[in-house]
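Chain by chain, the residues run as shown.
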Amino acid sequence: MLSSLSHSIQHTLARRTDRWFLLTVFALAATSVFTVFSASAYLVETKMGGAADAFLFRQLLRVGAALVVMGVASMIDYRWLAKGSLAFLVVAIGLLVAVQIAGEASGGAQRWLDFAGVSVQPSDLAKAALILHIAKLLAQKQAYIQDFARAYVPLVLWIGLTLALIGMEDLSTALIVFCAVGAMCLIGRVRLLHLSGTGALVLVLAFAFLASSPERAKRLEAWTGVKMFSNTEEAEVFDDQAEGYQARQARIAVAVGGLTGVGPGKSVQRDFLPAPYNDFIFAIIAEEYGLLGATVLLALFFALLFRGFLRIARGAPDPFGLFLAAGLTTALVLYGFVNAGVASGLLPVTGLPMPFVSYGGSSTVATGLMVGILLNVARHSVGTPGGTTARASLAKRRGSR
């Protein structure tokens, strides 16, 4: 009898815990420990005058904190979080406003707030808060989701305000989050006409914003190889030692890595790349572990994508869980793919970290929070993977229209 009960408990835990998703996250975290040390040791010793393992210990602490946050978030019922989603978002917006007033500047951008010596990037909090609140609104408005005034306008107001504040100093993050909430709205049956019109407007505004910022405009021109803006100097844009320096060094690292790489800790380009342990961590991995290592890393993000959508979102017990899981998964995976795309030269330089892999503080902890919420949705999944409860609820609401 006890054996039967034990087997039943183990079966329930196995069904309710997405172990494959969790193992993938642990694999990414383990990758971070090795690559951050390799990418930062030389820089710390030669240019910062510190011990080679300084960044390693910091990253261990930050990854550890992220895993703790992930564990706590995975135990809190995600439906309880919906009750405080508006307050959470209002606080995040307040912090974004505070950044514009009293934020710290670094690397030409004013994105950080200092709390007792600890720098926090409010956009990391804001992206999670926005996805959470939009998921709640989409679930609440399903009965009239295609009504422009009652459903779409409230969604756009919160999305527009939050992303405008994020985009003032971090356009790339704003675009990533826009893609995430756009995917949520598409799944939530928002009218395609409304979404396409908003998407076109966002592209126009983003281009106008680039035109008003010479630094960002130069990055886009250096990537395309085409002079498009009047406020940039051609000599700086197309000089490999100026604007194109970072992208060129990253491409060299990827090329040098070849099929199997130069070996762990033997990267040469880490000595030339700015922030090789953060923005260009994928280039270091490609150099040291080659195409095979880079492919394995990307495969981990594909695993997150498939498990997040086909297991967690599709098996969610209600529409709120479905939309929330879809938005969080999209944001996490896009961050990883964009970071890899920048290092490979497929995308312009953006400065976005690779989740759980890049060296980071608030971004790593925010990633842990997002993963924890995803795991909590998975714990409440109904039936077999791909349960129909959320979809059945949506279908019922469609029929009641």
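Rules behind the numbers
Residues numbered from 1 in each chain as written. Predicted model: local features only at pLDDT ≥ 70, side-chain atom pairs only at ≥ 80, totals over all residues. Heavy atoms only, no water. Helix = DSSP H or I, 4+ residues; strand = E, 2+ residues; numbered from the N terminus. Buried < 20%, exposed > 50% of the residue type's maximum accessible area, 1.4 Å probe, protein only. Areas by Shrake-Rupley, 256 points an atom, 1.4 Å probe, with all protein chains shown as cover. Polar contact = N/O pair within 3.5 Å; in protein donor to acceptor, adjacent residues only side chain to side chain. Contact = heavy atoms within 4.5 Å. Phe/Tyr/Trp six-rings, centres within 6.5 Å; stacked < 30°, edge-to-face > 60°. Core = buried A, V, L, I, M, F, W, Y, C linked by side-chain atoms within 4.5 Å.

### Here's the deal with the overall build of the protein
Then, number 1: Scanning the protein from N- to C-terminus turns up 16 helices and three strands.
Then, number 2: Counting the 401 residues in the protein, one finds 48% classified as buried.
Then, number 3: Carbon together with sulfur atoms contributes 67% to the accessible area of the protein, which is approximately 18100 Å² in total.

### Some words on the side chain of Gln 249
Then, number 1: Along the chain, Gln 249 turns up in helix α12 (residues 245-257).
Then, number 2: Looking at Gln 249, the relative accessible area reads 7%, which means it is buried.
Then, number 3: At 2.5 Å, the side chain of Gln 249 forms a polar contact with the side chain of Gln 269.
Then, number 4: Excluding anything up to four places from it in sequence, Gln 249 contacts Gln 269, Phe 272 and Leu 273.

### Structural notes on the packing of aromatic side chains
Then, number 1: On inspection of all chains with the given rule, the structure shows five aromatic pairs.
Then, number 2: Measuring from centroid to centroid gives 5.7 Å for Tyr 78 and Phe 320, while their planes differ by 25°, and the two rings are stacked. Taken together, the residues Tyr 78 in helix α4 (residues 78-83) and Phe 320 in helix α14 (residues 319-343) connect sequence positions 242 residues apart.
Then, number 3: The buried category is assigned to Phe 320, whose relative accessible area is 7%.
Then, number 4: Judged by centre distance (5.9 Å) and plane angle (40°), the ring pair of Phe 148 and Tyr 152 falls under tilted.

### A short note on the nonpolar core
Generally speaking, a soluble globular protein has its nonpolar side chains buried in company with each other.
Then, number 1: Grouped together as the largest cluster of nonpolar side chains are 92 residues, with contacts concentrated most on Ile 134, Leu 138, Leu 297 and Leu 324.
Then, number 2: If one sorts the elements of this core by residue count, α14 sits on top with 14 residues.
Then, number 3: Among residues more than four places away in sequence, those in contact with Leu 324 are Tyr 78, Ile 131, Leu 132, Ala 135, Ile 373 and Val 377.
Then, number 4: Leu 171, Leu 210, Leu 220 and Phe 229 belong to the second largest nonpolar core, which has five residues in total.

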